[in-house]
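What follows is the residue order along each chain.
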Amino acid sequence: MSLSHSDSYSDRYRVLPGAALDLDAYDADDRGPYTRKKEAVADLQALREQLRALQERFYAWDKRSLLIVLQAMDTGGKDGVIEHVMHGVNPQGVQVTPFKVPTPEELAHDFLWRVHKAAPARRMIGIFNRSHYEDVLVVRVRNLVPPDVWGQRYEQINQFERLLADTGTVILKFYLHITKDEQAQRLQARLDSPDKRWKFAMGDLAERKLWDDYMAAYTAALSQCSTAHAPWFVVPANRKWYRNVVIANILVETLTQLDPQFPQPEAGLDDVVIV
Ligand code: ADP
């Protein structure tokens, strides 16, 4: 995508509600305005400081919650975003929830049961490492439920997110967009590095074979569930440093617009002297 640098990051990467989506038109190698990684790394440092200060106010304000949804193909960088973008934010105000293969108890309920329980309370930033979108991604690709069941879920998800938004949750959903070639390199790097090998799962290769089916499922999810109250963003993620800068910018833009305020202190404090 080539868009003017005067756009906000939120505008540049947001999936427009109701628009046809072509993931191939999004350049996973996009490096935005940067010619050198070094400049982006310096900007990320400054953005983290802004994020830290905004989150301090957001927490004290105690009026809204923020839900960040992270979805990607394996090696897409969900863990990296949590580590590098949220680095420096007070952990007391952040809650990370990974969503794995559902347990028998979870499967005995509706698909949003486990998700609703993990929705962030007021003043909290909740991060979903995978999410209810798995129920229209892996579930669709792997035929884990019949099409008429997963087919209804887009609307059910929109209604669920509408409920969260109406009751005070700001929702931002990030799809970390990497290419199949980039995934091959990252999987190989996992195999080759003793520190990363633990992350390699043979099952990842089986999912990789279904790449095109996953892209079709992502396209459907992003185009049907990007709404004004819960937008999807397609984040160029082949370059980890640009991915981090994009997400940090969107968080800073969103929190700045919310303009959280410290609560009014009690009256008469000016005259208080601590003895
Ligand atoms: P990650 O890849 O997120 O670091 P894991 O390697 O433990 O973590 O993978 C979690 C697995 O759980 C993924 O393969 C994902 O597709 C699967 N999963 C998550 N939610 C569901 C779901 N609702 N139904 C089936 N599988 C799911």
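Use the structure listed above.
For the structure given in this document, a descriptive report is provided here.

Conventions and cut-offs
Residues numbered from 1 in each chain as written. Predicted model: local features only at pLDDT ≥ 70, side-chain atom pairs only at ≥ 80, totals over all residues. Heavy atoms only, no water. Helix = DSSP H or I, 4+ residues; strand = E, 2+ residues; numbered from the N terminus. Contact = heavy atoms within 4.5 Å. Core = buried A, V, L, I, M, F, W, Y, C linked by side-chain atoms within 4.5 Å. Buried < 20%, exposed > 50% of the residue type's maximum accessible area, 1.4 Å probe, protein only. Pairing = 2+ DSSP bridges. Axes fitted to C-alpha atoms, helices over the stretch in contact; angles between N-to-C directions. Phe/Tyr/Trp six-rings, centres within 6.5 Å; stacked < 30°, edge-to-face > 60°. Lys NZ or Arg CZ within 6 Å of the ring centre and 35° of its normal.

Concerning the side chain of Asp-204
In this structure, Asp-204 sits in helix α10 (residues 202–209). For Asp-204, the residues in contact, after removing those within four places along its chain, are Asp-74, Leu-187, Arg-190 and Lys-199.

Section: the nonpolar core
Counting residues in hydrophobic clusters, the biggest one holds 76 residues, and the most contacted among them are Leu-23, Tyr-133, Phe-174, Leu-222 and Leu-251. With 10 residues, the top contributor of residues to this core is helix α12 (residues 240–258). Those residues in contact with Leu-251 that sit more than four places away from it in its chain are Leu-51, Ile-68, Val-85, Met-86, Leu-172 and Phe-174.

Details of the sheet that holds strand β5 (residues 232–236)
In spatial order, the strands read β2-β3-β1-β4-β5; together these 5 strands make up an open sheet with parallel pairing. The two strands at the open ends of the sheet, each matched to only one other strand, are β2 (94–98) and β5. For this sheet, the mean inter-axis angle between neighbouring strands, taken without regard to orientation, is 20 degrees. Across 5 bridges, β2 lies against strand β3 (residues 125–129) in parallel orientation. Each residue of the ladder has a partner; that of Thr-97, found in β3, is Phe-128.

What to know about the packing of aromatic side chains
Following the criterion strictly, the structure yields 11 aromatic pairs and no others. Here Phe-58 and Trp-61 contribute two aromatic rings whose centre-to-centre distance is 6.3 Å and whose plane-to-plane angle is 55 degrees, an arrangement assigned as tilted. Note that Phe-58 and Trp-61 are positioned in helix α2 (residues 37–61) at a spacing of 3 residues, about one turn of the helix. Like Phe-58, the residue Trp-61 is buried in the burial classification. Here the aromatic rings of Trp-150 and Tyr-154 are separated by 6.5 Å at their centres, their planes lie at 85 degrees, and the arrangement is edge-to-face. The side chain of Arg-12 reaches across the aromatic face of Tyr-9, ending 4.8 Å from its centre. The ring of Tyr-59 carries the charged tip of Arg-123 above its face, separated from the ring centre by 4.2 Å.

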